[in-house]
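Single-letter residue listing:
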Amino acid sequence: MIGCNCAVCSSSDPKDTRLRSSILIQSKKTTIVVDTTPDFRFQMLTHQVKQLDAILFTHPHKDHIAGLDDVRAYNLFSGQPMPVYCNALTEEAIRRDFYYAFAEKKYPGVPNLNLHKIDEKSFTIGDLTIEPILVWHLNMPVTGFRFGPFTYITDANRIDAHEKEKMKGSHTVVLNALRKQPHLSHFTLDEAVEIVQELQIPNAYFTHVSHQLGLHDDINQILPQGMQLACDGLQLHF
Ligand SMILES: [Zn+2]
Ligand SMILES: [Zn+2]
Ligand SMILES: [Zn+2]
């Protein structure tokens, strides 16, 4: 956190350096990113992501959409609009916050976006089938995504029973766990652990971790087997 001197913010362990939360999913034929954070450009440069087939959004909070302008680099090289998949609320925010990308007379070089509204129905991008999962971030609907055995859910503090059913049978889940103290719109570490145990998902990684949660290695030591904190640059292979 800017201006903070706590043990996490001054840690020399790279696992304690936390950019904003997003993931990249790659299959044989398809590469997609979930959320374009304010760190999107840096993340794509760091991991040398040369091609992106689509972007999925979880919800319209700034820490998940602010980096969208930088997709124009992908537009430049592909010559194609970037397919963007999001719920109605996120579409509204994108059209408002990036109004210039939807103007009738566009300034040269603005992002070229092709918006696709998603609801609860599964959809396909390239060779990936994606199942949306509706979760709640206080009163805001947030879209989680299931890709076969892998489920990604960020920014939630409540999941309805029938949506939990969609998570069951996952081999690996990523779930938000902000800190130990209660928060009005994010799961605490204990709440996240409880959901993983309830759904009996064998592998879990916690994301959207605040500096208030503590040092990466300290928290990992107290987590039950199969559960750990995610960290920047973490790669999982299925
Ligand atoms: Zn701090
Ligand atoms: Zn949020
Ligand atoms: Zn967030």
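The structure reproduced in this document is the subject of the present report.

## A few points about the overall build of the protein
And then number 1: Assigned secondary structure in the protein consists of seven helices and twelve strands.
And then number 2: Projected onto its principal axes, the C-alpha positions of the protein cover 55 × 40 × 35 Å.
And then number 3: Across the 238 residues that make up the protein, the buried fraction comes to 47%.
And then number 4: Sequence separation of 24 or more characterises 59% of the internal contacts of the protein that already satisfy a separation of 6 or more.
And then number 5: Of the accessible surface of the protein, which amounts to about 12,500 Å², a share of 51% is contributed by carbon and sulfur atoms.

## Description of the nonpolar core
And then number 1: Grouped together as the largest cluster of nonpolar side chains are 26 residues, with contacts concentrated most on Leu175 and Phe206.
And then number 2: Breaking this core down by element, the ones donating at least two residues are β7 (128-137), β10 (172-176), α6 (189-199), β11 (203-207) and β12 (227-229).
And then number 3: The element that contributes the greatest number of residues to this core is α6, accounting for six residues.
And then number 4: Leaving out residues up to four positions away in the same chain, Leu175 has contacts with Ile153, Ile159, Phe187, Ala192, Ile195, Val196, Tyr205, Phe206 and Thr207.
And then number 5: Grouped together as the second largest cluster of nonpolar side chains are 20 residues, Phe40, Phe57, Val71 and Ala101 included.

## Quick word on the sheet that holds strand β6 (residues 123-125)
And then number 1: Strand order across the open sheet formed by seven strands is β6-β7-β8-β9-β10-β11-β12, with mixed pairing between neighbours. Only two strands of the sheet have a single neighbouring strand rather than two, namely β6 and β12. Ignoring which end each strand starts from, the neighbouring axes of this sheet average 25° apart.
And then number 2: Direction of pairing for β6 relative to β7: antiparallel, over a ladder of three bridges. By the bridge assignment, Ile125 is partnered in β7 with Leu128.

## Describing the coordination of the zinc ion (ligand 3)
And then number 1: At 2.1 to 2.2 Å from the zinc ion (ligand 3) lie its protein donor atoms, namely Asp63 (OD), His64 (NE2), Asp155 (OD) and His208 (NE2).
And then number 2: Classification of the site at the zinc ion (ligand 3) rests on its four donor atoms, whose angles at the metal span 91 to 160°, yielding the label irregular.
And then number 3: Between the donor residues of the zinc ion (ligand 3), the gaps in sequence give the motif D-H-x90-D-x52-H.
And then number 4: The metal-metal distance between the zinc ion (ligand 3) and the zinc ion (ligand 2) is 3.4 Å, with Asp155 coordinating both. Placement of Asp155 in the loop between β9 (150-153) and α5 (161-167) and of His208 in the loop between β11 and α7 (216-222) is noted, with a sequence separation of 53 residues between them. Taken individually, Asp155 and His208 each receive the classification buried, so the pair is uniform in this respect.

## Observations concerning the pattern of salt bridges
And then number 1: Counted by the stated rule, this structure contains 14 salt bridges.
And then number 2: In this structure, the salt-bridge partner of Lys15 is Asp13, at a minimum N-O distance of 3.5 Å.
And then number 3: Note on Asp13: relative accessible area 17%, which makes it buried.
And then number 4: Here Arg18 and Asp16 are joined by a salt bridge, their closest N and O atoms 3.6 Å apart.
And then number 5: Ionic contacts of the salt-bridge type, sharing partners, join the residues Lys62, Glu92, Arg96 and Asp97 into one network.

Cut-off values and rules
- Residues numbered from 1 in each chain as written.
- Chains lettered and ligands numbered in written order.
- Predicted model: local features only at pLDDT ≥ 70, side-chain atom pairs only at ≥ 80, totals over all residues.
- Heavy atoms only, no water.
- Helix = DSSP H or I, 4+ residues; strand = E, 2+ residues; numbered from the N terminus.
- Buried < 20%, exposed > 50% of the residue type's maximum accessible area, 1.4 Å probe, protein only.
- Contact = heavy atoms within 4.5 Å.
- Areas by Shrake-Rupley, 256 points an atom, 1.4 Å probe, with all protein chains shown as cover.
- Core = buried A, V, L, I, M, F, W, Y, C linked by side-chain atoms within 4.5 Å.
- Pairing = 2+ DSSP bridges.
- Axes fitted to C-alpha atoms, helices over the stretch in contact; angles between N-to-C directions.
- Donors = N, O, S within 2.8 Å, 3.2 Å for Na, K, Ca; no water.
- Tetrahedral: all angles 85-135°; square planar, octahedral: opposite > 155°, others 65-115°.
- Salt bridge = Lys/Arg side-chain N within 4 Å of Asp/Glu carboxyl O.

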